[in-house]
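Analysis of the macromolecular model
Read off the chains here:
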Amino acid sequence: MNKTLSVLASFSIVAGAYLWSFGLPEVFRSGESDQAAAAQGPGGPGFGRPGGGGATTVVLTKLAMQPYADTFRAIGSSEAVRSATVTSDVSGRVVEVNLPANAQVEQGDVLIQLDARAAKLSLEAAQNELQQASDTVARYERLRQSGNSTVSEVTISDALLAQRLAEANVGLAQLTLEDLTIRAPVSGRLGLSDVNIGDFISANDAIVTIDNSSALLVEFELPERSVGFLSLGREVTLGTPSLTGRPFQGEITSFDSRIDGVTRSVTVKARVENPDDILWPGMTFTVRLTNLSEPLLVVPTTAITWSREGASIWFENEGVAMSAPATILFRRDERAWVDVDLPTDTKVVTEGAHKLRLGAAITDVNMATQEPT
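This report concerns the structure included in the present document. These numbers come from a predicted model, not from an experiment.

With the rule as written, the count across this model stands at three aromatic pairs. Measuring from centroid to centroid gives 4.1 Å for Tyr-68 and Phe-330, while their planes differ by 5°, and the two rings are stacked. Taken together, the residues Tyr-68 in the loop between β2 (64–66) and β3 (69–87) and Phe-330 in strand β18 (residues 320–332) connect sequence positions 262 residues apart. Ring centres of Tyr-68 and Trp-337 lie 4.8 Å apart, and the angle between their planes is 70°; this geometry places the pair in the edge-to-face category. Here the residue Tyr-68 occupies a position in the loop between β2 and β3, and Trp-337 occupies one in strand β19 (residues 335–340), the gap between them amounting to 269 residues. For the pair formed by Tyr-68 and Trp-337, the shared burial category is buried. A network of ring pairs unites the aromatic residues Tyr-68, Phe-330 and Trp-337 as a single cluster. Over the ring of Trp-280 we find Arg-189, and its NZ or CZ is 6.0 Å from the ring centre.

We now examine the sheet that holds strand β7 (residues 181–183). In spatial order, the strands read β7-β6-β4-β9; together these four strands make up an open sheet with antiparallel pairing. Each edge of the sheet is formed by a strand with only one pairing partner; in this case those strands are β7 and β9 (200–201). Summarising the sheet, strand β4 (residues 92–97) and strand β6 (residues 110–114) pair through three bridges and their orientation is antiparallel. Bridging across to β6, Val-97 finds its partner in Ile-112.

Scanning all chains against the criterion turns up nine salt bridges. In this structure, Glu-79 and Lys-269 form a salt bridge, with 3.7 Å as the shortest nitrogen-oxygen distance. Separated by 190 residues along the polypeptide, Glu-79 in strand β3 and Lys-269 in strand β13 (residues 265–273) bring together distant segments of the chain. On the accessibility criterion, Glu-79 (37% relative accessible area) is partly exposed. Classification of Lys-269 by relative accessible area gives partly exposed; the value is 25%. Members of the salt-bridge network, linked through shared partners, are Glu-79, Glu-219 and Lys-269.

On to the environment of Gly-359, then. Its location among the elements puts Gly-359 in the loop between β20 (347–351) and β21 (362–364). It is 6.2 Å that separates the C-alpha atoms of Gly-359 and Met-322, two residues lying 37 residues apart in sequence. With residues up to four places along the chain from it excluded, the contact list for Gly-359 reads Val-320 and Ala-321.

Another aspect to go through is the nonpolar core. Grouped together as the largest cluster of nonpolar side chains are 22 residues, with contacts concentrated most on Leu-99, Leu-111, Ile-112, Leu-114, Leu-190, Ile-207 and Ile-210. The contacts of Ile-112, once residues within four sequence positions are left out, are Val-94, Glu-96, Leu-99, Leu-180, Thr-181, Ile-182, Val-195, Ile-201 and Ile-207. Leu-216, Phe-220, Leu-222 and Met-283 belong to the second largest nonpolar core, which has 21 residues in total.

Closest axis-to-axis distance for the helix α3 (residues 117–145)/helix α4 (residues 153–179) pair is 8 Å, and the angle between their directions is 160°. The angle between α3 and α4 places the two elements in the roughly antiparallel class. Viewed along their axes, α3 and α4 form a crossing whose handedness is left-handed.

Of note, the phi angle at Arg-264 is positive, near 55°, even though the residue is not glycine. Checked against the element boundaries, Arg-264 lands in the loop between β12 (248–255) and β13. Assessed through its relative accessible area of 41%, Arg-264 is described here as partly exposed. A positive phi angle, near 55°, is found at Glu-318, a position not held by glycine. The topology assignment puts Glu-318 in the loop between β17 (310–317) and β18.

If you trace the backbone, Thr-56 turns up in strand β1 (residues 56–62). Residue Thr-56 is classed as buried on the basis of its relative accessible area, which comes to 5%. Along the chain, Thr-56 and Thr-363 lie 307 residues apart, while their C-alpha atoms are 6.1 Å from each other.

Over its 29 residues, α3 runs 42 Å from end to end, which matches the ideal 42 Å to within 8%, given 1.5 Å per residue. Turning to α3, its buried residues number three or more, namely Ala-119, Leu-123, Ala-126, Ala-133, Thr-136 and Val-137. In the core, the buried residues of α3 are packed alongside α4. Directly beyond the C-terminal end of α3, a positive phi value near 90° is found at Gly-147.

Tracing the chain through its elements places Arg-225 in the loop between β10 (206–223) and β11 (235–239). Arg-225 sits 39 residues away from Arg-264 along the chain, and the two C-alpha atoms are 9.3 Å apart. In this view, Arg-225 contacts Asp-70 and Phe-72; residues no more than four positions away in its chain are not counted. Side-chain polar atoms of Arg-225 contact the side chain of Asp-70, separated by 3.3 Å.

Conventions used here
Positions within a chain are numbered from 1, following the residues in the order the chain's sequence is written. Residues qualify for local features only when their pLDDT is at least 70, as the model is predicted, and side-chain atom pairs are given and counted only at 80 or more; totals for whole chains, interfaces and linings, by contrast, use all residues. Only hydrogens and water are removed before side-chain values are computed, so all heavy atoms of the structure are retained for them. For Phe, Tyr and Trp, rings pair up if their centres lie within 6.5 Å, where Trp contributes its six-membered ring, and each pair is then called stacked (planes under 30 degrees apart), edge-to-face (over 60) or tilted (otherwise). Secondary structure follows DSSP: runs of H or I at least 4 residues long count as helices, runs of E at least 2 residues long count as strands, and numbering of each begins at the N terminus. For every residue, the accessible area obtained with a 1.4 Å probe (protein chains only) is divided by the maximum for its type, and the residue is called buried under 20%, exposed over 50%, and partly exposed between those limits. Charge over a ring is defined by NZ of Lys or CZ of Arg lying within 6 Å of the ring centre and within 35 degrees of the ring normal. Criterion used throughout: strands pair if DSSP finds at least two bridges between them. Each salt bridge in this description consists of a side-chain nitrogen of Lys or Arg and a carboxyl oxygen of Asp or Glu lying within 4 Å of one another. Should any heavy atoms of two residues lie within 4.5 Å, those residues are considered in contact. In plain words, nonpolar cores are sets of buried Ala, Val, Leu, Ile, Met, Phe, Trp, Tyr and Cys residues tied together by side-chain atoms within 4.5 Å. Axis lines are fitted through C-alpha atoms, for helices just across the contact stretch, and the angle between N-to-C directions can take any value from 0 to 180 degrees. The cut-offs work like this: below 35 degrees is roughly parallel, past 145 is roughly antiparallel, 65 to 115 is roughly perpendicular, and the gaps in between are oblique. Here is the rule for handedness: rotate from the far helix to the near one, and if that takes an anticlockwise turn smaller than a right angle the crossing is left-handed, while a clockwise turn gives right-handed. For a helix, the expected span equals 1.5 Å multiplied by the number of residues minus one. Pairs of N or O atoms within 3.5 Å make up the polar contacts considered here, provided that, within protein, one atom can donate a hydrogen while the other can accept it, and that residues adjacent in sequence are counted only when both atoms are side-chain atoms.

So, in structure tokens, the structure goes:
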């Protein structure tokens, strides 16, 4: 008996706690409350079918036209539009140096003078031989004109050949002497050099670099899908960490004729002018190439629904819901550029499309909220 009373007491306590926390179950509530709940509809009061009119409340937005900006970004390195590494064509000892670092030089300026004493003597000897050969030819010509039979055609021919050989030797001696004077091959700014007076330079030794930085060439890689947008003269926007926040405009001057088989990219070069000489060869650049499409229909991504047939868009036509197939061309953030057979002033459903059926009456939630209560 005591056990039965304990069970009943425990049940009473649990039932009381439930009623205190949650109230009476729905089955015990009044029929009037059930009727009020049914009148509100499955979506609750103020949504789905407001006022009991049967129209589904959705959010409508007009279609818009906007071009799509397809942007390609890359990292590239720069080089001077014209540059040269100065080398010596001959060997010799340095007797004069004119290589101040970062100095501006003009094409033809003397940079280094090698010891030219032996070359000058060789030139003088070659000039003397030429003078002697020329005098011999002139003497033979005078003798033949005076009727001297001892001067034959063979003698004249040998003298002329000796004269031409002497002229060639003079030319070679002059070239050797000129090679001992090392001049700037291009105009530009000198780099660093460790050549000093008294050093011995061998042929083909690098002496100094010269960069003409009036413009730079920036080389970078773009993905394969960018090849349709590449053309000579097309503008690109460049930036460098050395000058943060300052954009530079360049134009494409060349690009490769094939796609790299490993990286699936194409090499491109762009020229950027540098009249103020603030950009240096070797700088790292960020490159941005932007292509704007023709104006296209754009919708919020929430307007796109999916089914077995693919993507579609719900739109309003004289107060009822209609659906049209759509092809997504581009997508970015919360917008999608689509190809859909609808006029630009069409109102599309951007919220609430999941509860629509074809031909269902719909109303814009913004219009519904403006109606007087």
